[in-house]
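Residue-level structural notes
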There are 2 protein chains.
Amino acid sequence: MENFQYYTPTKVVFGRGVENQTGALVKEQGCRKVLVHYGSRSAEKSGLLDRICRSLDEAGIEYVRLGGVVPNPRLSLVYEGIELCRREGVDFILAVGGGSVIDSAKAIGYGAADEGDVWDFYEKKREAESCLPVGVVLTIAAAGSEMSNSSVITNEKGWLKRGYNNDCSRAKFAVMDPELTMTLPKYQTASGCVDIMMHTMERYFNQSENMELTDGISEYLIRTVMKNARILMDEPGHYDARAEVMWAGSLSHNGLTGCGTDGGDWASHQLEHELGGMFDVAHGAGLAAVWGSWARYVAGERPERFARFAVNVMEVPAGDDDLETAFRGIRAMEEFCRSIGMPVCIRDMGIDLTEEQMAELAEKCSHFGKRTIGCVRKLTKEDMYQIYKNARG
Amino acid sequence: MENFQYYTPTKVVFGRGVENQTGALVKEQGCRKVLVHYGSRSAEKSGLLDRICRSLDEAGIEYVRLGGVVPNPRLSLVYEGIELCRREGVDFILAVGGGSVIDSAKAIGYGAADEGDVWDFYEKKREAESCLPVGVVLTIAAAGSEMSNSSVITNEKGWLKRGYNNDCSRAKFAVMDPELTMTLPKYQTASGCVDIMMHTMERYFNQSENMELTDGISEYLIRTVMKNARILMDEPGHYDARAEVMWAGSLSHNGLTGCGTDGGDWASHQLEHELGGMFDVAHGAGLAAVWGSWARYVAGERPERFARFAVNVMEVPAGDDDLETAFRGIRAMEEFCRSIGMPVCIRDMGIDLTEEQMAELAEKCSHFGKRTIGCVRKLTKEDMYQIYKNARG
């Protein structure tokens, strides 16, 4: 078992109607002027944004609004948000949305608290020393950004998608009403479920000894998401299923499922980030499209771990040896993904990768040959190319 | 599923040798003068206290020491600590020990930040508005106080044992080195394991609908503690088993295993608190001594819940109906307790309760007939008397 830190200071307020507590929660933080940050017009149309603003009004909190966040959130809007915060004397950023909005809010928070270029942090040139306080009203269960320390931003110059993790950006509070996620389209719901599962799977597949309690929590969490994802394909308005998925989304990425391990592999995420940067695919779908290829490529390095996953999570019968069981589990996961309308290869997303594109993805993902990714097997640029190729379909 | 809040701001630093980071962690809090609070001489004799003080010295932190905390920590020492904090200008309280020391530290923290009598909070006369920051170096895995918002203090006047919960007392950090628990006597280790299990069981047995993910985590957590408790009876120096139990202790009482429920029953804790106040028994042992009696008394109110516990946690085969399964589960839990040297009735602890004592316990536990306890079944003073009587043995 590895030494670990676990730090999840975010106050979660979970359940029906809790978004009406937003104003009071901001007030509790002692802040006076809020940037309300959001994405699509659905938050405006549904009346959610009005309810949030009313709640801020009632608490006597001033605010300015900045919408327009898109999936794979853009650096240009982050710069705009930083400028707006400075101009308006904003001291709190409220993200109303899913992972993209929260990640954009964190980036604005880093930038507004710093003199230099916020992209430096994402390029790993410097460490952020502080971040404006961020709060969340969650409308999509997927990224887990509401309790995590991570933020992923896409720089339009070169379409580079980069992540940055720092505890100072962890949200002060997360308002989580499962009812807000009921209107999500089926594809986005499914993609969110895969994203949630993958945050635990990335940690589960590692190169360290493990912690039994962490393993048990992880396995149950993934099974719970699968079960409830299936329910939501038929009954998108099923409150309890939405709630199980939403809470799993937070626990899956707040650090709990990594305690006592080396932190996990994360290669699938890196591989997907480049895909997302190049093609703007839904993150969870992109993960589903590359995971099987990655898993087959590396399973031989830790067949016993993949076999445990196959039996305890995918509930397949054990084969003659661990590697056979491992491959059964990978197939079963792909079948699950298909069953909820998720891709299991890149072509399933309507993308026909060219040789040049695969080479470019591998170049970017390896930072032009300067880094390896993953820990189950350390993947070089050549390995990445091969995994993209096997995932092409 | 019920609405819930989840708030666990404590930074956990877990693993071998992490106690040497204590000074740096206090410094991170921006504090200058620490009250080092501890219990028995074992912390002094083992050299742990010296290591902690060295770590504070290295970080340039001043400190004063206050030892002498006993199990079922006393109000008189709390008053002494408050006085000491005021006299010395202490701005941080470091608890080096287990639940009793941490609870005492929290009480000192409340008192030092308040003008009035700290016992008011425990008598529920007032709510605390703040608490001096508390940090923990954990040496006993049991109470979960290192991540919880609760504190239990015994007032020697009348031997009243009272708990008070408030988020402002949650520890800023918890330093958790499983090696520090290796020298605990077998009885105390077993008692700690029961305490840990009970923090989840108190939440698990409730009167609400439940959250699947919470149930799964809870069931796995209890099974993990049972498995590792058995290991520790033979191999007290088994690092991984110590670590599993230690981490389970924190997760069991930080709120995680209550998410989405009504908060749980807690009658066994109330019944035990009075026993502990009167006889100074080890808390976990006292819980083991009353739980079976409580469970049999109330199982008929929620047989399906007790049956699920029997099958999923105690792994007994289902009987002809839920109630039969429920009773099998209760028996299996008692067998487990016996197997690790824990009592299953009050006589097992060498206490031969008189009629008068049972009546007095029920009087005190019901606050002289003014309150009921529990939610699976709301217990009156008469119910409490009957449960003590059935638990007498």
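For the rest of this paragraph, the subject is the sheet that holds strand E5 (residues 134-138) of chain A. The 12 strands are arranged E3(A)-E2(A)-E4(A)-E5(A)-E8(A)-E1(A)-E1(B)-E8(B)-E5(B)-E4(B)-E2(B)-E3(B) in an open sheet whose pairing can be described as mixed. With partners counted over all chains shown, the strands left at the sheet margins are strand E3 (62-66) of chain A together with strand E3 (62-66) of chain B, one partner each. Going across the sheet, the axis of each strand differs from the next one's by a mean of 25 degrees, ignoring polarity. As defined by bridge partners, strand E2 (residues 33-38) of chain A adjoins E3 of chain A across 5 bridges and the pair is classed as parallel. Its bridge partner lying in E3 of chain A, Leu35 of chain A is registered against Val64 of chain A. Helix H3 (residues 48-58) of chain B rests against strand E2 (33-38), E3, strand E4 (92-97) and strand E5 (134-138) of chain B of the sheet, and its axis sits at about 160 degrees to E3 of chain B.

Here the focus is helix H14 (residues 355-365) of chain B. An α-helix turns once per 3.6 residues; consequently, residues spaced three or four apart project the same way. All names here are of chain B. Turning to H14, its buried residues are Met358, Leu361, Ala362, Lys364 and Cys365. Here the buried residues of H14 occupy an arc of 165 degrees about the axis, which is enough to place them on one side. Tucked into the core, H14 has its buried residues touching strand E7 (160-165), helix H10 (267-279) and helix H15 (381-392). Backbone geometry just after H14 places His367 at a positive phi near 50 degrees.

Under the criterion given, the structure shown has 40 aromatic pairs over all chains. Seen in terms of ring centroids, Tyr110 of chain A and Tyr164 of chain A are 5.2 Å apart; in terms of plane orientation they differ by 65 degrees. Their pairing is edge-to-face. Here Tyr110 of chain A is found in helix H5 (residues 99-112), whereas its partner Tyr164 of chain A is found in strand E7 (residues 160-165), with 54 residues between them in sequence. This pair shows no difference in class: Tyr110 of chain A is buried, exactly as Tyr164 of chain A is. Their ring planes at 80 degrees and their centres at 5.4 Å tell us that Tyr204 of chain B and Phe205 of chain B sit as a pair that is edge-to-face. Relative accessible area serves as the criterion here: at 1%, Phe205 of chain B is assigned to the buried category. Ring-pair connections join several aromatic residues into one group, and the members of that group are Tyr204, Phe205, Trp291, Trp294, Phe306 and Phe309 of chain A. We note Arg305 of chain B situated over the ring of Tyr204 of chain B; from NZ or CZ to the ring centre the distance is 3.9 Å.

Mean pLDDT over chain A: 96, with 100% of residues reaching 70 or higher. If you check the scores for this complex, the pTM reads 0.96 and the ipTM reads 0.95.

The next subject is the packing of helix H7 (residues 186-204) of chain B against H10 of chain B. All names here are of chain B. Where H7 contacts H10, the two axes come as close as 9 Å, and the packing angle between them is 135 degrees. On the basis of the axis angle, H7 is oblique to H10. In contact with Asp195, Met198, His199 and Glu202 of H7, H10 contributes Ala267, Ser268 and His269. Looking at the contact of H7 with H10 residue by residue, the classes come out as 2 nonpolar, 3 polar and 2 charged.

Our next topic: the relation of the copies chain B and chain A. What relates the two chain copies is a rotation about an axis together with a slide along it. When chain B is fitted onto chain A, the two copies agree to an RMSD of 0.0 Å after a turn of 180 degrees and an axial shift of 0.0 Å. The symmetry that links the two subunits is that of a two-fold axis. When C-alpha positions in chain B are compared against the rotation axis, the closest is assigned to Pro9 of chain B, at 1.9 Å. Of the interface residues in chain B, 100% have counterparts in chain A that sit at the interface too, so the contact is made through matching surfaces.

Residues and elements named next belong to chain B. The final tally for this structure, using the stated rule, is 4 cavities of 30 Å³ or more. The space that makes up the largest cavity amounts to roughly 80 Å³. Around the largest cavity sit Val194, Met197, Met198, Met201, Leu287, Ala288, Trp291, Gly292, Met333, Glu334 and Cys337, which together line it. If you list the elements that add at least two residues to the lining of the largest cavity, you get H7, helix H11 (283-298) and helix H13 (322-339). Residue classes in the lining of the largest cavity are distributed as 9 nonpolar, 1 polar and 1 charged.

Right, let's talk about the side chain of Glu272 of chain B for a bit. Residues and elements named next belong to chain B. Following the sequence through the fold, Glu272 ends up in helix H10. Side-chain polar atoms of Glu272 contact the side chain of His283, separated by 2.6 Å. Each residue touching Glu272, except ones within four places of it in the same chain, is listed here: Lys161, Val281, Ala282, His283, Gly286 and Leu287.

So, on to the interface of chain B and chain A. Buried accessible area, meaning the area lost when the parts come together, often serves as the stated size of an interface. Taken together, the contacts link 39 residues of chain B with 39 residues of chain A. Where chain B abuts chain A, roughly 3500 Å² becomes buried across the two surfaces, and 58% of that area is made up of carbon and sulfur atoms. Run the count over chain B and chain A and you get 2 salt bridges. With its nearest N and O atoms 2.9 Å apart, the salt bridge here joins Glu212 of chain A to Lys227 of chain B. At the junction of chain B and chain A, the tally comes to 13 residue pairs in polar contact (both at pLDDT 80 or more). Ranked by residue count, the leading element in the side of chain B that touches chain A is strand E1 (residues 4-14) of chain B, at 11 residues. For the side of chain B that touches chain A, the residue count by class is 22 nonpolar, 9 polar and 8 charged. The pairing of strand E1 (residues 4-14) of chain A with E1 of chain B spans 7 bridges and is classified as antiparallel. By the bridge assignment for E1 of chain B, Val12 of chain A is matched with Tyr6 of chain B.

Thresholds, definitions, all that
- Residues numbered from 1 in each chain as written.
- Chains lettered and ligands numbered in written order.
- Predicted model: local features only at pLDDT ≥ 70, side-chain atom pairs only at ≥ 80, totals over all residues.
- Heavy atoms only, no water.
- Pairing = 2+ DSSP bridges.
- Helix = DSSP H or I, 4+ residues; strand = E, 2+ residues; numbered from the N terminus.
- Axes fitted to C-alpha atoms, helices over the stretch in contact; angles between N-to-C directions.
- Contact = heavy atoms within 4.5 Å.
- Buried < 20%, exposed > 50% of the residue type's maximum accessible area, 1.4 Å probe, protein only.
- Arc of directions from axis to C-beta.
- Phe/Tyr/Trp six-rings, centres within 6.5 Å; stacked < 30°, edge-to-face > 60°.
- Lys NZ or Arg CZ within 6 Å of the ring centre and 35° of its normal.
- pLDDT = per-residue confidence, 0-100.
- Parallel < 35°, antiparallel > 145°, perpendicular 65-115°, else oblique.
- Nonpolar A, V, L, I, M, F, W, Y, C, P; charged D, E, K, R; others polar.
- Least-squares fit on C-alpha atoms with pLDDT ≥ 70 in both.
- 1 Å grid on protein atoms, 1.4 Å probe; cavity = no way out; pocket = protein on both sides within 12 Å on 5 of 7 lines; lining within 4 Å.
- Points joined across faces, edges and corners; volume = space filled by probe spheres on them.
- Polar contact = N/O pair within 3.5 Å; in protein donor to acceptor, adjacent residues only side chain to side chain.
- Buried area = accessible area lost by both parts, 1.4 Å probe.
- Salt bridge = Lys/Arg side-chain N within 4 Å of Asp/Glu carboxyl O.

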